[in-house]
Structures are given as structure tokens and as C-alpha cells.
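So you can see what is in the structure, the chains are spelled out below.
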Amino acid sequence: MTPEFSEYQPLPLIPADFPRVTEQGAVGGAVTKFIARNIDGKYVVGDTHSEHRERYVACCSLVSDLIAYCKKKQAQDAAWTPSALHKRVTEGLKNSPELGLTSAELRWVMHELCTAMHWQISEGDRA
């Protein structure tokens, strides 16, 4: 998308409401278990800070692209209401497994898009 449409940029600090990956698998059995990775001699459950930052920057880039897309659609045809665009974008993201978005990241992206576009979307229409 063309950058002139959006000035949405990642913040220096990751916002507290940006979701973290906490579970990356499951192990069956009666005894409580957890899945961890050994990184530089430490066991890590979920994502590392750098992985979390990478996901945040990728989601911010996606929000920026979506802002440009939505503005372009609204400029082409005034019949594209915020509600219709919200629904189309949400379905598009849900049907794009190559993005690797978690459901929590999808909700965050759509919340950021709604905020940036000044959309008032009812809770029933949200992702």
C-alpha cells in the first residue's frame, strides 16, 4: 500500500494491550506439564521479548496497510460504510492463514484499525 495514506507507526514501547503468545502446544497426561524452549541456557515459555516485538511491528505494519486499503475503498465508493469495511477486513484476515495471526492479535489489529479510522463499531460486529 502507499505510505502517504497512513502515518500509523509502532510505538517505541509495546503497548500493554498487545497480546503475548503464551501457549505453543500441549502435552497429554494426568501430570501438569508445560512446553518450554531452551534459549541461551534459559527455559522460555511463550515468546521472547524480541519475538514479541517482531509480532508487534508486523501487526502495526498490517494496521498501516489496512488503513490505506480502507481509505482507498471509501474514496472509490462512498457506499463502503465503516461496518461493511470492518466486516470485509475481518473476514479477509480470518481467511489469510499465511499471516499467522492469533485470534488475540486479530482483535488487536481490528481495534487499532477502528481507532485509527474513527469507526464506532458495535461489540456484536467486532472480530
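This text follows the structure it describes.
So, how was this worked out
Note on numbering: residues in each chain are counted from 1, in written sequence order. The predicted nature of this model means local features are confined to residues of pLDDT at least 70 and side-chain atom pairs, given and counted, to a pLDDT of 80 or more, with totals for whole chains, interfaces and linings taken over all residues. Water and hydrogen atoms play no part in the side-chain values, which are based on all heavy atoms of the structure. Stacked, edge-to-face and tilted labels apply to pairs of Phe, Tyr and Trp rings (six-membered ring for Trp) whose centres lie within 6.5 Å, assigned for plane angles under 30 degrees, over 60, and everything in between, in that order. Comment: elements are numbered from the N terminus, with helices defined as DSSP H or I runs of at least four residues and strands as E runs of at least two. Summary of the burial criterion: residues with accessible area below 20% of their type's maximum are buried, those above 50% are exposed, and those between are partly exposed, where the area comes from a 1.4 Å probe applied to protein chains only. We define a salt bridge as a contact between a side-chain nitrogen of Lys or Arg and a carboxyl oxygen of Asp or Glu at a distance within 4 Å.

Student: Lay out the packing of aromatic side chains with the relevant residues and their values.
Tutor: In the structure shown here, the tally under the stated rule is three aromatic pairs. Summarising the aromatic geometry, the rings of Phe-18 and Tyr-56 are spaced 5.4 Å apart at their centres and angled 75 degrees between planes, so their arrangement reads as edge-to-face. With Phe-18 in the segment before strand E1 (37-39) and Tyr-56 in helix H1 (residues 49-76), this residue pair connects regions lying 38 residues apart in the sequence. Given the relative accessible area of 3%, Phe-18 is considered buried. Among the residues examined, Tyr-56 registers a relative accessible area of 1% and is labelled buried. Seen from their ring centres, Tyr-56 and Trp-108 are 5.8 Å apart, and the 65 degrees between their planes marks the pair as edge-to-face. Pair noted here: Tyr-56 is in helix H1 and Trp-108 is in helix H3 (residues 103-117), with a separation of 52 residues, a long-range link. Like Tyr-56, the residue Trp-108 is buried in the burial classification. Ring-pair connections join several aromatic residues into one group, and the members of that group are Phe-18, Tyr-56 and Trp-108.

Student: Talk me through the pattern of salt bridges; I want residue IDs and the actual numbers.
Tutor: For the coordinates displayed, the defined rule picks out three salt bridges. Where Asp-47 meets Arg-20, a salt bridge forms, and the shortest distance between an N and an O atom there is 3.3 Å. Here Asp-47, found in the loop between strand E2 (42-44) and H1, pairs with Arg-20, found in the segment before E1; they are 27 residues apart in sequence, far enough to count as distant. Using a relative accessible area of 8% as the deciding quantity, one classes Asp-47 as buried. Of the charged contacts, one joins Arg-37 and Glu-51 as a salt bridge, the two residues approaching to 2.8 Å between their closest N and O atoms. With Arg-37 in strand E1 and Glu-51 in helix H1, this residue pair connects regions lying 14 residues apart in the sequence. Judged by relative accessible area, Arg-37 falls into the partly exposed class, the value being 26%.

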